[in-house]
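Read off the chains here:
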Amino acid sequence: MMRIAQLHPILFISLTISVLLGCGNAQDAVHHVIPAQNEGIRVTLLHFPIQPREMQWERVRIDVQMPAALRHPQIRVVRVKAVMQGMSMPALETDLHPLTHGRFEGNLLFTMRGVWTLHFLLATGGAIYEQSHSIEVRA
C-alpha cells in the first residue's frame, strides 16, 4: 500500500491538471443568470451621456421596473459590467447604489474608445437577472 505521503504529490498534480484543463463548465461555478426580459423586468437607462468619452468618468443612472408577478423581490445588488466587444480585456465592473425605489446610480471609467456592451446584473434573494445595452465610446 502507498503511504499517504506518497499520495500528496499525485493529488497535487491531479488537482493542478484539473484546474488548468477546467473541470466542468464555467457556468456551473456561478449562479444561473436569467434574461430580465424573459421575466418582464425592464432596465431603462435614465442618465447616460449621448457620446461617452474614453478615460472620462461617466455617470450611469438606471430605472428598474419589476413585474407584479414577481411579487416585488428585493433587489440586493445592482452591478454593471462593461465589456468591450471583440477584445479580450477584462470587464469593467462597478456596483450601482440605490437612489430611490427602483433607481440606481454609479460611475464607469471607459478605458478605450469603441463599442461596449453594458450588462446590468440584478441580484435578488433567489436569482440574478441580466439586461444588456450596447454603447459607443468616443475619443
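Higher on the page you've got the structure.
Residues numbered from 1 in each chain as written. Predicted model: local features only at pLDDT ≥ 70, side-chain atom pairs only at ≥ 80, totals over all residues. Heavy atoms only, no water.

A closer look at the environment of Pro98
Part 1 of the reasoning: Looking at where Pro98 falls in the secondary structure, it is placed in strand 5 (residues 92–100).
Part 2 of the reasoning: Look at Pro98 and you get exposed, because its relative accessible area is 57%.
Part 3 of the reasoning: Between the C-alpha atom of Pro98 and that of Arg61, which follows or precedes it by 37 residues, the distance is 9.6 Å.
Part 4 of the reasoning: Beyond its immediate chain neighbours, meaning those up to four positions away, Pro98 contacts Arg103 and Phe104. (Helix = DSSP H or I, 4+ residues; strand = E, 2+ residues; numbered from the N terminus. Buried < 20%, exposed > 50% of the residue type's maximum accessible area, 1.4 Å probe, protein only. Contact = heavy atoms within 4.5 Å.)

Observations regarding the environment of Glu105
Part 1 of the reasoning: Relative to the helices and strands, Glu105 resides in strand 6 (residues 103–109).
Part 2 of the reasoning: The exposure class assigned to Glu105 is buried, which follows from its relative accessible area of 7%.
Part 3 of the reasoning: With 42 residues separating them in the primary sequence, Glu105 and Asp63 have C-alpha atoms 9.1 Å apart.
Part 4 of the reasoning: Those residues in contact with Glu105 that sit more than four places away from it in its chain are Arg59, Val60, Arg61, Leu96, His97 and Leu99.
Part 5 of the reasoning: Separated by 2.5 Å, the side chains of Glu105 and Arg61 make a polar contact. (Polar contact = N/O pair within 3.5 Å; in protein donor to acceptor, adjacent residues only side chain to side chain.)

Structural notes on the pattern of salt bridges
Part 1 of the reasoning: With the rule as written, the count across this model stands at 7 salt bridges.
Part 2 of the reasoning: Linking Glu54 and Arg113 is a salt bridge whose minimum nitrogen-to-oxygen distance equals 3.9 Å. Linking Glu54 in the loop between strand 2 (42–47) and strand 3 (57–65) with Arg113 in the loop between strand 6 and strand 7 (114–123), this pair joins segments that are 59 residues apart in sequence.
Part 3 of the reasoning: Judged by relative accessible area, which is 24%, Glu54 ranks as partly exposed.
Part 4 of the reasoning: Among the salt bridges present, the one from Glu136 reaches Arg138, with a minimum N-O distance of 3.3 Å.
Part 5 of the reasoning: On the basis of relative accessible area, Glu136 is assigned to the partly exposed category, the value being 42%.
Part 6 of the reasoning: Connected via shared salt-bridge partners are Arg59, Arg61 and Glu105. (Salt bridge = Lys/Arg side-chain N within 4 Å of Asp/Glu carboxyl O.)

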